[in-house]
Amino acid sequence: MTAKENELIVSTSPHIKDEESTTRIMWAVSLSLLPAFFMGVYFFGPKALFITALCMLISVLSEYVMQKLSGKKITITDGSAVLTGLLLGLNMPPSLLSINPFTIHIPVIGAIVAIIITKQLFGGIGYNIFNPALIGRAFVLISFPKAMTIWSEPTAAFFALDAKTTATPLGILKEEGITRLIEVFGDKSNLYAQLFLGYRAGSIGETSVLALLIGAAFLLYKRYITWHIPLSYLATSALLAWIFGGKNPLTGNIAFFTGDPIVHLLSGGLILGAFFMATDYVTSPSIRRGQIVFGTGCGILTMLIRIKGGYPEGVMFAILLMNCFTPLIDRAMRSEVFGSIRKKEL
Amino acid sequence: MTRATFKGGIHPPDNKALTADRSIEKAGVPMRVVMHMSQHIGAPCKPVVSIYQDVKKGELIGEPTAFVSSPIHSSVSGKVIAISEFPSITGKMINSVVIENNGKEEWAELKEDPDYENLSVDELREKIKTAGIVGMGGAAFPTLVKLSPPKEKTIDTVIINGAECEPYLTADYRMMIEEPDEIIEGLKIIMKILNVERGFIGIEDNKPLAVEAMSRAALRTKGIKVKSLEVKYPQGAEKMLIKSITGRKVPPKGLPMDVKVVVQNVGTALAVYEAVRYGRPLIERVVTVTGEGIKRPANLKVRIGTLISDLVTQCCSLKENASKIIAGGPMMGFALSSLDVPVTKGTSGILALTDDKVEESGEFEPCIRCGRCIDICPMGLMPSMLSIYSEKGFYEETKSYNIFDCFECGSCAFVCPSKRPIVQLVRLAKSQVKP
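Bear in mind that the values here come from a model prediction, so they are computed numbers and not experimental data. All chains use their own residue numbering, which begins from 1 and follows the written sequence. Written order decides the labels, with chains lettered from A and ligands numbered from 1. Residues qualify for local features only when their pLDDT is at least 70, as the model is predicted, and side-chain atom pairs are given and counted only at 80 or more; totals for whole chains, interfaces and linings, by contrast, use all residues. Side-chain metrics rest on all non-hydrogen atoms present in the structure, leaving aside hydrogens and water.

As a further point, take the interface of chain A and chain B. Residue contacts are counted whenever heavy atoms from the two residues lie within 4.5 Å of one another. Across the boundary between the two partners, chain A contributes 41 residues, which contact 69 residues of chain B. Summed over both partners, buried area is the accessible surface (1.4 Å probe) that two parts give up on being assembled. Counting the surface lost from both chain A and chain B, the interface buries some 4600 Å², and carbon and sulfur atoms represent 56% of this. Three residues, His15, Ile16 and Phe338 of chain A, lead the burial of chain A against chain B; their summed loss comes to 18% of the area buried on that side. The working definition used for a salt bridge is a side-chain nitrogen of Lys or Arg within 4 Å of a carboxyl oxygen of Asp or Glu. Put simply, arginine 288 of chain A and aspartate 375 of chain B hold a salt bridge, and the shortest N to O gap is 2.1 Å. Nitrogen and oxygen atoms within 3.5 Å of one another constitute a polar contact, given that in protein one can donate a hydrogen and the other can accept it, and given that sequence-neighbouring residues count only through two side-chain atoms. Put simply, chain A and chain B have 22 residue pairs in polar contact (both at pLDDT 80 or more) between them.

Laid out in structure tokens, this is it:
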């Protein structure tokens, strides 16, 4: 008894803790992206696998080197760098390597910018203002616009190294209109089905809505994310797509309330963005009410860029712009203390 | 029966099965007791005995010196052998009277009152005052003070707190099963003192036997109802309990009486009955001795002043892998550095955690702003921001995030995936700024 007493551990309450850990969350989110990753590899072949793996490798390496150089604790096993690399890879066009072998520098630069500039220079995990993977992608998109906007057709043939290049559904929608888009896919129901399953051009991990929803369902079920951001984001996008997304085929002006919200939801990176990028803990508001504001903002900006902007796709810029507002939203929508009288009750 | 609850809260594994089926047994009579002169919130007592003086069981040994204070009685018959400072559960040195037991178990004269139902309110208050009753849920607030609200505050509801939401503890649970009628009598006395018609007993859903026993006991009395509550920590926190049962919200910095409610613990109600009916002062209480690290977990009726080491010995001592001993529950209790400290009126449990349950990492990770702590904070605070500001030394800023509304239930630190010591950081900030 007395011998034991000297070994008693003394610390303050609470003395029990939940099993959940940051590491577990990061790996779980990475796991939830695997269906989309496999579909990307299935559709676009080994180069998709190579690009994603390269992004992950360089991300982890960048984190290691940066932490080593700055004398910080090495945290590459916490899964956050792996996740950033994975997300970056899934956001890359699969045709990158078809242009010429030297385009290999694009994922490398993207990963370095994501980890070193966006994350580590701001203080590492928890301190970055912007989503690292999205900044990485934005940087290479602006730096190498041509290579980053050449898209290939999904071949579903694993070893077809030279896929045919084509436009993304959103590209067709923007340049040639909805009638042409339906024409390309045959009919409307076929268009929806193909978009849902992922038989379309696009970034490696964004095309298969089905695969993404499987991962999202897992995250929602395990409560790693909640509905607040994805639902407000998707609902706002759909609503705006319906109101402003239609065009008068004769005049080319906006024909109100004629847009096709389903095409907008199923194309581009909206599903990937809404469930996996906009929900990034560090760069989105922590307060639930604030998350709805954040998601709504993402939806408005996405549709503004898609319909009025110069890019056919707006998810990346929309989320990055809303990232700026996250601290403001959290500050403005501070939670109310239990028992305090709300303004409206006064 | 409706399932009442509040917003927020957590679901820690409750581990109550270790002792839930163990009837309350009398603990062995200690050879000596250390009676702290401060076993309650408020002014410490002044010893009224001198060294080598003989005292009887139930004899007054410490006298209150202020309104918020409560007298202390000897829990054994014997001789005073020391009056000096002794360490308490928290490690603080507290003036104490040490009494060596002579084994005679002689009671000081007790005034029984079979006719207590006809006593006046003032007489009832006097009995509770002289019995030295304090809140037995943990905070040890003098009961008389709670039963003497200022004139301008009307009270219309009394709630008996049988939630016992802390994992591992089963003392209140066993009392409700074994002495439901006495608890109801205690509640009736409290209701009479406060001139209240409405009484509730709030019990968590995971204690169906207690709900059943208390409901049966409550049947005979009009105005008293058992409310079954959602199993959730901290359901037993006063403000949460009041919200769950009455729907009323105690305002920030307010007290239960601001919403016309008085809350008393199950053990307190029982002590009130025993004081009024038998004139018995508060000299013993039920303590759950439990945890994976103890060989024979039990619910014990323990004399106040018994050393925790004696209790542990009585429960066949610690297992080899026991590495942390806690006074109270795992969420809000104190880790002990020594077992040679006494049980006080507020000690509800002794918990021995084993190596595998104790995770001690000095290092913690940055906040990833996942918002889990905000979701579960029963007080509607933003623990993440409090911890970030405190960690960086911006203590003043924590005030704009209502740091003083935090009652340190520990839910945030429990759910934090980065294992941040949020409660510690909150305490640090609280100590650095004025409210």
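A packed helix pair is summarised by two numbers, namely the angle formed by the two axes and the spacing between the axes. All names here are of chain A. Direction vectors running N to C along helix H5 (residues 80-90) and helix H7 (residues 105-119) enclose 135°, while the axes themselves pass 10 Å from each other. Between H5 and H7, the interaxial angle falls into the category oblique. Crossing geometry of H5 relative to H7 is assigned as right-handed. Judged by residue contacts, Ser80, Ala81, Thr84 and Leu88 of H5 engage Pro107, Gly110, Ala111, Ala114, Ile115 and Lys119 from H7. The residue classification treats Ala, Val, Leu, Ile, Met, Phe, Trp, Tyr, Cys and Pro as nonpolar and Asp, Glu, Lys and Arg as charged. All others, Gly included, are polar. Taken together, the residues of the contact of H5 with H7 break down into 6 nonpolar, 3 polar and 1 charged. As a rule, the C-alpha atoms of each element are fitted with a line to give its axis, helices using only the stretch in contact, and angles between N-to-C directions run from 0 to 180 degrees. Think of it this way: any DSSP run of H or I at least four residues long counts as a helix, any run of E at least two long counts as a strand, and we number them from the N terminus. Orientation categories follow fixed angle ranges, with anything under 35 degrees roughly parallel, anything over 145 roughly antiparallel, 65 to 115 roughly perpendicular, and all other angles oblique. We call a crossing left-handed when the near helix sits turned anticlockwise from the far one by less than a right angle, and right-handed when that turn is clockwise.

Classification of residues uses two cut-offs on accessible area relative to the type maximum, computed with a 1.4 Å probe and protein chains only: under 20% is buried, over 50% is exposed, and between them is partly exposed. Across the 10 residues that make up helix H10 (residues 383-392) of chain B, a large majority, 8, are buried. The complete set of buried residues in H10 of chain B reads Pro383, Ser384, Met385, Leu386, Ser387, Ile388, Tyr389 and Ser390 of chain B. Looking at the buried residues of H10 of chain B, the elements they touch are helix H18 (315-332) of chain A together with helix H9 (372-376), helix H11 (411-415) and helix H12 (422-432) of chain B. Following H10 of chain B by one or two positions, glycine 393 of chain B adopts a phi angle in the positive range, close to 85°.

Residue and element names in this part refer to chain B. By the criterion of burial, strand E14 (residues 284-290) is predominantly enclosed, with 7 of the 7 residues buried. Pairing geometry for E14 and strand E15 (residues 298-303), over 6 bridges, is antiparallel. Each bridged residue has a counterpart across the sheet, and for valine 286 the counterpart in E15 is lysine 301. When DSSP finds two or more bridges between a pair of strands, those strands are recorded as paired. With 3 bridges connecting them, E14 and strand E18 (residues 349-354) associate as parallel partners. Bridging across to E18, valine 289 finds its partner in isoleucine 350.

All names here are of chain B. Here, two cysteine sulfur atoms that lie within 2.5 Å of each other are counted as a disulfide. On inspection of all chains with the given rule, the structure shows 0 disulfides over all chains. For the unlinked cysteine cysteine 377, the closest cysteine sulfur is that of cysteine 409, found at 6.4 Å. With no disulfide of its own, cysteine 406 lies closest to cysteine 412 among cysteine sulfurs, the gap being 6.2 Å.

We place a 1 Å grid over just the protein atoms. Points where a 1.4 Å probe fits but has no way out form a cavity, open points with protein on both sides within 12 Å along at least 5 of 7 lines form a pocket, and any residue with an atom within 4 Å of a point lines it. Grid points are joined across faces, edges and corners, and a volume is the space filled by probe spheres set on the points. Applying the stated criterion across every chain, the model contains 5 cavities of 30 Å³ or more. Considering the residues around the largest cavity, the lining is formed by 21 residues, among which Met26, Leu83, Leu87, Asp280 and Tyr281 of chain A are closest to the centre. Every element with two or more residues in the lining of the largest cavity is listed here: helix H2 (22-32), H5 and helix H16 (270-277) of chain A. The leading source of residues in the lining of the largest cavity is H5 of chain A, at 4 residues. Looking at the lining of the largest cavity residue by residue, the classes come out as 14 nonpolar, 5 polar and 2 charged. As a volume, the second largest cavity reaches approximately 160 Å³. In this structure, the second largest cavity is lined by 15 residues; those nearest its centre are Ala271, Glu274, Leu282, Glu284 and Lys301 of chain B. Of all the secondary-structure elements, those providing two or more residues to the lining of the second largest cavity are helix H7 (266-278) and E14 of chain B. If one sorts the elements of the lining of the second largest cavity by residue count, H7 of chain B sits on top with 4 residues. Within the lining of the second largest cavity, the residues separate by chemical class into 9 nonpolar, 1 polar and 5 charged.

Residue and element names in this part refer to chain B. With the rule as written, the count across this model stands at 33 salt bridges over all chains. The residue arginine 296 makes a salt bridge to glutamate 25 at a minimum N-O spacing of 3.1 Å. Of this pair, arginine 296 sits in the loop between E14 and E15 while glutamate 25 sits in strand E2 (residues 24-26), placing them 271 residues apart in sequence. Note that lysine 57 is salt-bridged to glutamate 105, the shortest N-O span being 2.9 Å. Here glutamate 105 lies in the loop between strand E9 (93-101) and helix H1 (121-131) and lysine 57 lies in the loop between strand E5 (54-55) and strand E6 (60-63), a separation of 48 residues in the sequence. Under the relative-accessibility criterion, glutamate 105 is labelled partly exposed at 26%. Each member of the salt-bridge network shares a partner with another, and the members are Lys26, Lys57, Glu105, Glu284 and Arg303.

Another aspect to go through is the side chain of serine 30 of chain A. Residues and elements named next belong to chain A. By secondary structure assignment, the location of serine 30 is in helix H2. On the basis of relative accessible area, serine 30 is assigned to the buried category, the value being 6%. Not counting residues within four places of it along the chain, the set of residues in contact with serine 30 comprises Gly79, Leu83 and Leu86.

Residue and element names in this part refer to chain A. Of the residues making up helix H3 (residues 34-44), those classed as buried are Ala36, Phe37, Gly40, Val41, Phe43 and Phe44. Seen end-on, H3 carries its buried residues on one side only, within an arc spanning 170°. Just downstream of H3 lies glycine 45, where phi reads positive at about 85°. Of all possible arcs, the one meant is that of the directions from the helix axis to the C-beta atoms.

Right, let's talk about the nonpolar core for a bit. Counting 74 residues, the largest nonpolar core has Leu33, Met92, Tyr233, Phe276 and Ile319 of chain A as its most contacted members. The residues touching phenylalanine 276 of chain A, leaving out its near neighbours within four places in the chain, are Ser32, Leu33, Leu87, Leu212, Gly215, Ala216, Leu219 and Ile271 of chain A. Among buried residues, the Ala, Val, Leu, Ile, Met, Phe, Trp, Tyr and Cys ones that are joined through side-chain atoms within 4.5 Å form a nonpolar core. Ile24, Ile128, Ile184 and Ile201 of chain B belong to the second largest nonpolar core, which has 48 residues in total.

Quick look at the sheet that holds strand E7 (residues 72-73) of chain B now. Residues and elements named next belong to chain B. Strand order in this open sheet of 3 strands is E4-E6-E7, and the pairing throughout is antiparallel. A single partner strand is all that each edge strand has here, and the edge strands are strand E4 (46-47) and E7. As defined by bridge partners, E6 adjoins E7 across 2 bridges and the pair is classed as antiparallel. Each bridged residue has a counterpart across the sheet, and for glycine 62 the counterpart in E7 is isoleucine 72.

Residue and element names in this part refer to chain A. Together, Tyr42, Phe196, Leu197, Tyr199, Leu210, Leu213 and Ile214 line one region of the surface with nonpolar side chains, adding up to about 560 Å² of accessible area. Of all the elements in the fold, those that place two or more residues in the nonpolar patch are helix H12 (188-197) and helix H13 (209-221). Structurally, leucine 213 is set in helix H13. The patches described consist of residues with a relative accessible area above 30% and no salt bridge, like charges being joined within 9 Å and nonpolar side chains (Val, Leu, Ile, Met, Phe, Trp, Tyr) within 5 Å. Surface accessibility in these figures is a Shrake-Rupley result with a 1.4 Å probe; residues are shielded only by whichever protein chains are displayed.

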